[in-house]
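One-letter residues, chain by chain:
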Amino acid sequence: MKIAILGGGLAGVTAAYELTRLHERGAPVEATLFEASARLGGIIETVREKDFIIECGPDGWVTEKPWARELAEELGLVIQPSLDAQRKTYLVGAEKKLIAIPDGMRLMVPTDLCAIDSSPLLSAAAKQAYRAEPERAAELRASAPDTDESVASFVRRHFGDEVTNTFAAPLLAGVFGGDVETLSVRAVMPALVAMEREHGSLINALAASSAKTSTPIFTTLRDGMSTLIDAMAAKLTDVRLQTPATAIERFGTGWRVHFADRSEEFDAIILATPAHATRTLLATLDTDAADLLPREASSAAIVALGFAEDLTLPKGFGFLAPPTIGSPLLACTFTHQKFAGRVPEGSSMLRAFFSGERWMQTSDDELIALAQKELTTILGSLPTPHIKIVRRWPRSLPQYAVGHLQRIAALHARMPQGLRLIGNAYIGVGIPDLIREARRAAHESHTILKRAEG
């Protein structure tokens, strides 16, 4: 049985790798991976220059989700924890000065109300809203809506407008590049929704589950995130780069994939293309299905600046810049303080993030100059960068609008036998989520074909 995987980002490479493992164990399955660009990995890309390890996309994953760690260990890669002894995140205040987010925060929910009381980020009214939330547990549990709502609506019900604007908006923009007024709370914060159903109060829920752990919050790979892609790609036997699919169609009991100069037949297809490309491929097959995909996707630009000097920075992992301060900058990571071994001894690295279509057209020099200007305003005078790297990721983060999970369930239900959809447009944008779904899709595609043949 022949399976085509269209799209060579993390999800596509993982699915192809898993099918290859099945083949090595004796399963009669052949996987062919097609990628439109000249390289595998999608937004995962590591650049090594002058002994700097520079991530041009995600720099790691959330440790508590095990699927990325399991795959890395299976591949013999060396995992590396974040430097949590100095973990702290800052918000840029109104005067473009850094103010630490209170310790013990899980997104916008505190585990230590005393830390909230001493924070200059919040007014007395906002602090009182936090204090009152546990006492409203029964009311919040009883009034929890039966249908989806926006992140903003959810947070406002618990903590009010100020907390929504101060914490929720920049935190979710940093992860999804999106707007809390339109993002689906059930899609992007399912754990908090489950806490509300059980406890009413989110603060009470965290207190009930707050067992102390020494597990680091983030994990990366010692030699860079691209080693994950490289290790899987080394196992693959049939990879076609610079080969975008132009259309797919049913062909007997199987499928035909069209390319610019030819077509090929397969028993099944795993579509791991970006949402906009998936919509185009599905449109001729099922217009209604294509319409269920996320309509909006945010674009991101990353400017990495490596310095030969040890910068004088506040201890921590970096900062978020709320839209209210008027800066085009979305966030910045202090890379050398988040993970060890990223830079040579005595050196530093900053990664600045911008979100929006306008940065897709700006030149590298303009983006670098803008990043340096904004970082200097916030952090103080900076030396001349030793290394300067820019990456743009257009339409890379699909926006999970209210009702997203219901639409995705309907979309998957419409898929005919032998066609699976994977990637960040469906159930999660994090590396562990993409790995879990890709491996599951590979196994299910093989199992369904085996049943059909048997």
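Overview of the structure. (Residues numbered from 1 in each chain as written. Predicted model: local features only at pLDDT ≥ 70, side-chain atom pairs only at ≥ 80, totals over all residues. Heavy atoms only, no water.)

### A short note on the overall build of the protein chain
Here's step 1: Along the protein chain, the regular secondary structure elements total 17 helices and 22 strands.
Here's step 2: The C-alpha atoms of the protein chain give a radius of gyration of 23 Å, which matches the 22 Å a tight globule of 454 residues would have.
Here's step 3: In terms of overall dimensions, the protein chain has a C-alpha envelope of 70 × 55 × 40 Å along the principal axes.
Here's step 4: Split into buried and exposed, the 454 residues of the protein chain put 54% on the buried side.
Here's step 5: Partitioning the contacts of the protein chain with sequence separation of at least 6, the portion at a separation of at least 24 is 74%.
Here's step 6: Where the 48 positive side-chain charges of the protein chain centre and where its 54 negative ones centre are 1 Å apart. (Helix = DSSP H or I, 4+ residues; strand = E, 2+ residues; numbered from the N terminus. Rg over C-alpha atoms; globule rule 2.2 N^0.38 Å. Buried < 20%, exposed > 50% of the residue type's maximum accessible area, 1.4 Å probe, protein only. Contact = heavy atoms within 4.5 Å. Lys, Arg positive; Asp, Glu negative; His and termini not counted. Charge placed at Lys NZ, Arg CZ, Asp CG, Glu CD.)

### Here we look at the layout of surface pockets
Here's step 1: Its boundaries defined by the atoms lining it, the second largest pocket holds a volume of some 310 Å³.
Here's step 2: Lining the second largest pocket are 18 residues; nearest its centre among them are Ala173, Gly178, Pro322, Pro323 and Leu330.
Here's step 3: The leading source of residues in the lining of the second largest pocket is helix 7 (residues 161-176), at three residues.
Here's step 4: Considering only residue class, the lining of the second largest pocket consists of ten nonpolar, six polar and two charged. (1 Å grid on protein atoms, 1.4 Å probe; cavity = no way out; pocket = protein on both sides within 12 Å on 5 of 7 lines; lining within 4 Å. Points joined across faces, edges and corners; volume = space filled by probe spheres on them. Nonpolar A, V, L, I, M, F, W, Y, C, P; charged D, E, K, R; others polar.)

### Regarding the pattern of salt bridges
Here's step 1: This structure, assessed with the given rule, holds 35 salt bridges.
Here's step 2: Notably, a salt bridge pairs Glu74 with Arg21, separated by 3.2 Å at the nearest N-O pair. With Glu74 in helix 2 (residues 67-74) and Arg21 in helix 1 (residues 10-24), the pair connects residues that are 53 residues apart, well separated along the chain.
Here's step 3: Overall, the relative accessible area of 36% leaves Glu74 in the partly exposed class.
Here's step 4: When the shortest N-O distance is used, the salt bridge between Arg392 and Asp364 registers 2.6 Å. Of this pair, Arg392 sits in strand 21 (residues 387-398) while Asp364 sits in helix 15 (residues 364-379), placing them 28 residues apart in sequence. (Salt bridge = Lys/Arg side-chain N within 4 Å of Asp/Glu carboxyl O.)

### Let's talk about the side chain of Glu196
Here's step 1: Along the chain, Glu196 falls in helix 9 (residues 190-199).
Here's step 2: In this structure Glu196 touches Leu140, Arg141, Ala144, Phe154, Arg157, His158 and Leu202, once residues within four positions along its chain are discounted.

### So, helix 7
Side chains of residues three or four places apart in an α-helix project in the same direction, reflecting 3.6 residues per turn.
Here's step 1: Along its length, helix 7 reaches its greatest deviation from straightness, about 35°, at Ala168, and the proline Pro170 lies no more than four positions downstream.
Here's step 2: Positive backbone phi, at 60°, marks Gly177, one or two positions downstream of helix 7. (Bend = angle between axes of the 7 residues up to and from the residue.)

### Quick look at the environment of Ser184
Here's step 1: Along the chain, the position of Ser184 falls in the loop between helix 7 and helix 8 (185-188).
Here's step 2: Residue class for Ser184 comes out buried when judged on its relative accessible area of 0%.
Here's step 3: Linking Ser184 and Gln399, residues 215 residues apart in sequence, is a C-alpha distance of 8.7 Å.
Here's step 4: Discounting chain neighbours no more than four positions away, the residues touching Ser184 are Asp148, Glu149, Val151, Tyr400, Ala401, Val402, Gly403 and His404.

### Considerations on the sheet that holds strand 18 (residues 318-320)
Here's step 1: Strand order in the open sheet made by the seven strands is 8-7-18-19-20-17-21, with mixed pairing throughout. Two strands in the sheet have a free side with no partner beyond their single neighbour: strand 8 (98-100) and strand 21. The mean inter-strand angle of the sheet, taken between neighbouring strand axes irrespective of direction, is 25°.
Here's step 2: The pairing of strand 17 (residues 297-307) with strand 21 spans nine bridges and is classified as antiparallel. Looking at the pairing, Ala304 lines up with Ile389 of strand 21. (Pairing = 2+ DSSP bridges. Axes fitted to C-alpha atoms, helices over the stretch in contact; angles between N-to-C directions.)

### A word on unusual backbone geometry
With glycine set apart, most residues show a phi of negative sign, and most peptide bonds adopt trans.
Here's step 1: With a phi close to 70°, Asp51 is a non-glycine residue in the positive phi region.
Here's step 2: Tracing the backbone through its elements, the reader meets Asp51 in the loop between strand 3 (46-49) and strand 4 (52-55).
Here's step 3: Located in the positive-phi region is Lys96, a residue other than glycine, with phi close to 60°.
Here's step 4: Assignment of secondary structure puts Lys96 in the loop between strand 7 (89-92) and strand 8.

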